[in-house]
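Summary of structural features
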Amino acid sequence: MGELASYVGGITAVLASLSYLPQVRKAWPRGSTQDLSLGMLAALTLGLSLWVVYGLLRYDWVVVGANAIGATLAAIVLGCKIRDL
């Protein structure tokens, strides 16, 4: 059962992380982040980063990998938002 949970977690992580890609593709080249909240992006990036720390402390590599991808993508969009201020 633990192996099944890892597969489900891995698939969920990939799908959740991919949901940030449209924002990255829109914000990176065009700098169009006006519709996004700075506070929301900062909170999302911090929250995902803390999940990475949690996963490291628990030696849970599914949690680490999933949230590291999401945190990286969210940080890119956050950087674009800060650039556009």
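See above for the structure.
So, here's what we can say about the structure.

Conventions used here
Residues numbered from 1 in each chain as written. Predicted model: local features only at pLDDT ≥ 70, side-chain atom pairs only at ≥ 80, totals over all residues. Heavy atoms only, no water. Helix = DSSP H or I, 4+ residues; strand = E, 2+ residues; numbered from the N terminus. Buried < 20%, exposed > 50% of the residue type's maximum accessible area, 1.4 Å probe, protein only. Contact = heavy atoms within 4.5 Å. Expected span 1.5 Å × (residues − 1). Polar contact = N/O pair within 3.5 Å; in protein donor to acceptor, adjacent residues only side chain to side chain. Phe/Tyr/Trp six-rings, centres within 6.5 Å; stacked < 30°, edge-to-face > 60°.

Here we come to the overall build of the protein. Counting its regular elements, the protein contains four helices and zero strands. Reading the helices (α) and strands (β) of the protein from amino to carboxyl end gives α-α-α-α. A principal-axis box enclosing the C-alpha atoms of the protein has dimensions of 45 × 20 × 15 Å. Residues classed as buried in the protein amount to 29% of the 85 residues present. For the protein, long-range pairs separated by at least 24 residues make up 73% of all intrachain contacts whose partners lie at least 6 apart in sequence.

Another aspect to go through is helix α4 (residues 61-83). The terminal C-alpha atoms of α4 lie 32 Å apart, and with 23 residues this matches the ideal 33 Å at 1.5 Å per residue to within 8%. All buried positions along α4 are accounted for by V63, V64, A66, N67, G70, A71, L73, A74, V77, L78, C80 and K81. Measuring from the backbone nitrogen of V62 back to the side-chain oxygen at the start of α4 gives 3.3 Å, which picks out D60 as the cap.

This part takes up the packing of aromatic side chains. Taken as a whole, this structure holds two aromatic pairs when the rule is applied. For the ring pair W51 and Y54, a centre distance of 5.3 Å and an interplane angle of 90 degrees mean the geometry is edge-to-face. Taken together, the positions of W51 and Y54, both in helix α3 (residues 38-58) and three residues apart, correspond to about one turn of that helix. For W51, a relative accessible area of 45% corresponds to the partly exposed category. With a centroid separation of 6.4 Å and 70 degrees between ring planes, the pair formed by Y59 and W61 is classed as edge-to-face.

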